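Okay, here's what each chain looks like letter by letter:
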Amino acid sequence: MNKSAASSELWNEDLAPTSEAQRTWRWYHFAALWVGMVMCIPAYTLAASLIEGGMSASQAVVTVFLANAIVLVPMLLIGHAGTKYGIPYAVLARSSFGTKGARLPALMRAIVACGWYGIQTWFGGMMIYTLAGVLLGHPLGGDKIAGLGINGAQFACFLGFWAIQFWYIFHGMDAIRKLETYTAPLKIMICFVLLGWVYNKAGGFGPILDQPSQFVEGGKKAGQFWTTFWPSLTAMIGFWATLALNIPDFTRFAKSQRDQVLGQSVGLPVPMGLLAMLAVIVTSATVVLYGKAIWDPVDLASRMTGVAVLIALLILLIDTVSVNLAANLVGPAYDFSALSPKLISYKTGGYITAFIAIAMMPWKILESTQGYIFTWLIGYSALLGPIAGILIIDYYFIRKTTLDVDQLYQENGKYSYGNGWNMAAIAAFVIGVVPNIPGFLNAAFPASFPATSDLFKTIYTYAWFVGLVLSGVVYLVMMKGKKDHVLVVPQPQ
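Residues numbered from 1 in each chain as written. Predicted model: local features only at pLDDT ≥ 70, side-chain atom pairs only at ≥ 80, totals over all residues. Heavy atoms only, no water.

Helix and strand content of the protein chain: 23 helices and 0 strands. By the compact-globule yardstick of 23 Å for 493 residues, the protein chain fits well, its C-alpha radius of gyration being 23 Å. Expressed as lengths along the three principal axes of its C-alpha atoms, the size of the protein chain is roughly 75 × 50 × 50 Å. Per-residue burial over the protein chain gives 56% buried out of 493 residues. Here the analysis covers contacts within the protein chain between residues at least 6 apart in sequence; of these, 84% occur between residues at least 24 apart. Entry remark: accessible area of the protein chain is about 19,700 Å², with carbon and sulfur atoms responsible for 67%. (Helix = DSSP H or I, 4+ residues; strand = E, 2+ residues; numbered from the N terminus. Rg over C-alpha atoms; globule rule 2.2 N^0.38 Å. Buried < 20%, exposed > 50% of the residue type's maximum accessible area, 1.4 Å probe, protein only. Contact = heavy atoms within 4.5 Å. Areas by Shrake-Rupley, 256 points an atom, 1.4 Å probe, with all protein chains shown as cover.)

Here is the structure:
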């Protein structure tokens with residue numbers, strides 16, 4: 001691209017298209033990236049929420065697999081642009097939302113990621129806290145710090161884990177790629193070791209596997225399968241909906257389209273389904289071992305004895321570092337950089353993400369939203385689905401996968417739409433979100449919004465799908481025939 005024509009308000013080295021030399025990711029790097037991201041504590045416990053909702057073990061595993069097969073589709077479609085043009089998500093969004101308007105989807109994606117980054121950092125800190133207690137022979141404790149709501153040891157462990165991740169932010173994208181590639185095989189091996197351990201210890205795989213679905217005739221929730229299945233599927237899609245948007249941040253480093261397509265197809269749906277199966281089997285065995293179902297792998301690891309507990313917690317620590325950096329740092333780092341490229345580099349964007357994660361006090365987020373994990377997942381999928389719909393329609397139906405890369409970095413170019421905002425994208429986004437608002441308010445605050453009609457509750461059940469389709473259709477109608485008629489303001493000589 002022509003650097004001299006690029007606006008300093010829209011361009012920096014990190015947002016610029018990747019060079020041939022930077023495109024080093026092969027299909028196995030993408031597969032390893034996904035195996036690394038899939039093997040995480042929140043993903044492990046997803047199956048628990050489905051079984052608690054009444055599903056049988058097989059129904060829970062199939063639901064998780066299906067959701068990830070569905071979310072893979074927009075991931076591959078949006079990822080295509082990253083590989084073809086070497087641009088990150090925040091720059092791709094300029095073609096549909098405008099050079100200024102693109103900051104809106106970038107910021108929305110970034111704030112969700114900061115929340116997740118903090119939550120995963122808290123999980124990592126709690127592992128260090130548990131590990132320290134095991135090594136010392138007694139649990140750590142202490143009085144809660146006023147205003148924080150946690151004790152000094154918990155806060156110190158949280159900051160310790162935060163600091164470990166900070167090293168990777170400082171050393172950049174390649175350090176994250178190496179971490180994912182080297183730890184992925186280790187995680188797969190540990191899964192088989194864990195299966196062997198529970199099988200031998202429990203003398204089998206336990207009772208949860210044999211439990212029928214509660215939706216069968218005579219069951220507690222007879223005839224209610226579909227009313228549980230659809231919101232569950234939407235929530236599972238919501239789990240990776242953030243990555244479906246900013247996947248160009250990774251695919252821009254791909255050697256070829258084949259590498260990103262094959263790597264992601266191998267790396268996401270099957271490992272996610274297998275992890276759900278592993279979670280169900282291991283938890284089933286804990287009923288035999290401990291008399292109750294233990295879905296939290298940190299809690300389970302702390303109950304192991306001898307060197308096993310040390311190894312288990314260390315593996316979980318490595319796992320949480322690699323997942324958090326890939327899933328929750330790379331995207332917002334680019335997104336914050338896109339807000340002000342002249343002032344904020346990718347690395348600075350990473351620092352901003354890390355410090356916002358502390359300020360958000362993730363232990364308080366978990367405290368208030370743990371019971372609403374479905375509300376949170378479906379809620380932000382209602383925001384991200386419309387953005388995905390607009391990006392896909394713009395790239396495939398309006399642009400026919402042809403972008404003028406130089407113009408993406410020019411303030412007064414054709415993607416400025418005259419004032420930096422494409423009002424068609426903004427209108428389509430709003431129209432895609434609005435139908436989901438009543439259902440969200442009812443789900444999040446049932447006491448305050450009890451009178452929501454069944455129609456809006458049903459629409460909210462399909463939040464991601466509704467947002468994606470509605471925004472996509474509205475954007476297509478509003479933009480049809482306009483792509484060659486956008487205002488191009490001549491560059492000052």
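A few words now on the environment of Ser-381. Within the secondary structure layout, Ser-381 lies in helix 18 (residues 373-398). By relative accessible area, which is 0% here, Ser-381 ends up buried. Each C-alpha atom of the pair Ser-381 and Thr-234 lies 7.8 Å from the other, and the pair is 147 residues apart in sequence. Every residue in contact with Ser-381, bar those within four places of it in the chain, is listed here: Thr-234, Gly-238, Pro-386, Ala-463 and Trp-464.

For the coordinates displayed, the defined rule picks out 28 aromatic pairs. Relative to Phe-30, the ring of Trp-25 has its centre 5.2 Å away and its plane inclined at 50 degrees; by these criteria the two rings are tilted. Neither Trp-25 nor Phe-30 differs from the other in exposure class; each is buried. Measuring from centroid to centroid gives 5.1 Å for Phe-229 and Trp-230, while their planes differ by 75 degrees, and the two rings are edge-to-face. Look at Phe-229 and you get buried, because its relative accessible area is 9%. Joined through ring pairs, the aromatic side chains of Phe-215, Phe-225, Trp-226, Phe-229, Trp-230 and Tyr-462 make up one cluster. (Phe/Tyr/Trp six-rings, centres within 6.5 Å; stacked < 30°, edge-to-face > 60°.)

Turning our eyes to something else, we now look at helix 9 (residues 225-246). A rise of 1.5 Å per residue sets the reference length of helix 9, with its 22 residues, at 32 Å; its end C-alpha atoms lie 33 Å apart and thus fit the reference within 8%. Burial of helix 9 is extensive: 19 of the 22 residues sit out of reach of the surface. (Expected span 1.5 Å × (residues − 1).)

It is worth spelling out the nonpolar core at this point. If you look at the biggest cluster of nonpolar residues, it comprises 153 residues, and the most contacted ones within it are Trp-34, Met-75, Ile-87, Phe-239, Trp-240, Ile-387 and Tyr-475. Element by element, the count of residues in this core is highest for helix 18, at 13 residues. Not counting residues up to four positions away in its chain, the partners in contact with Phe-239 are Cys-40, Pro-42, Ala-43, Leu-46, Trp-116, Met-272, Leu-377 and Tyr-380. (Core = buried A, V, L, I, M, F, W, Y, C linked by side-chain atoms within 4.5 Å.)

Right, let's get into the packing of helix 6 (residues 103-136) against helix 16 (residues 346-359). Where helix 6 meets helix 16, the closest approach of the two axes is 8 Å, and the angle between their N-to-C directions is 65 degrees. Considering their axes alone, helix 6 and helix 16 lie roughly perpendicular with respect to each other. Where helix 6 crosses over helix 16, the handedness of that crossing is right-handed. Packed against helix 6, whose contacting residues are Cys-114, Tyr-117 and Gly-118, the element helix 16 presents Thr-353, Ala-354, Ile-356 and Ala-357 at the interface. Among the residues forming the contact of helix 6 with helix 16, the class breakdown is 5 nonpolar, 2 polar and no charged. (Axes fitted to C-alpha atoms, helices over the stretch in contact; angles between N-to-C directions. Parallel < 35°, antiparallel > 145°, perpendicular 65-115°, else oblique. Left-handed = near helix turned anticlockwise from the far one by under 90°. Nonpolar A, V, L, I, M, F, W, Y, C, P; charged D, E, K, R; others polar.)

Let us now look at the side chain of Asp-335. By the element assignment, Asp-335 lies in helix 15 (residues 330-339). An unpaired buried charge is present at Asp-335: no salt bridge exists, and Arg-109, the closest side chain of opposite charge, is 4.8 Å distant. (Lys, Arg positive; Asp, Glu negative; His and termini not counted. Salt bridge = Lys/Arg side-chain N within 4 Å of Asp/Glu carboxyl O.)

Moving on, we get to the pattern of salt bridges. Once their charged atoms are close, side chains differing in charge can pair, the charge on each being opposite to the other. Applying the stated criterion across every chain, the model contains 3 salt bridges. Of the charged contacts in the structure, one is a salt bridge between Asp-259 and Arg-26, with a shortest N-O distance of 3.3 Å. Taken together, the residues Asp-259 in helix 11 (residues 257-267) and Arg-26 in the segment before helix 1 (27-38) connect sequence positions 233 residues apart. Close ionic contact of Arg-399 with Asp-394 constitutes a salt bridge, the shortest N to O distance being 3.2 Å.

Take Leu-194: it is sitting in helix 8 (residues 173-202). Contacts of Leu-194, omitting those with residues within four sequence positions, involve Val-282 and Met-304.

Scope: geometric values only; no functional claims are made or implied.
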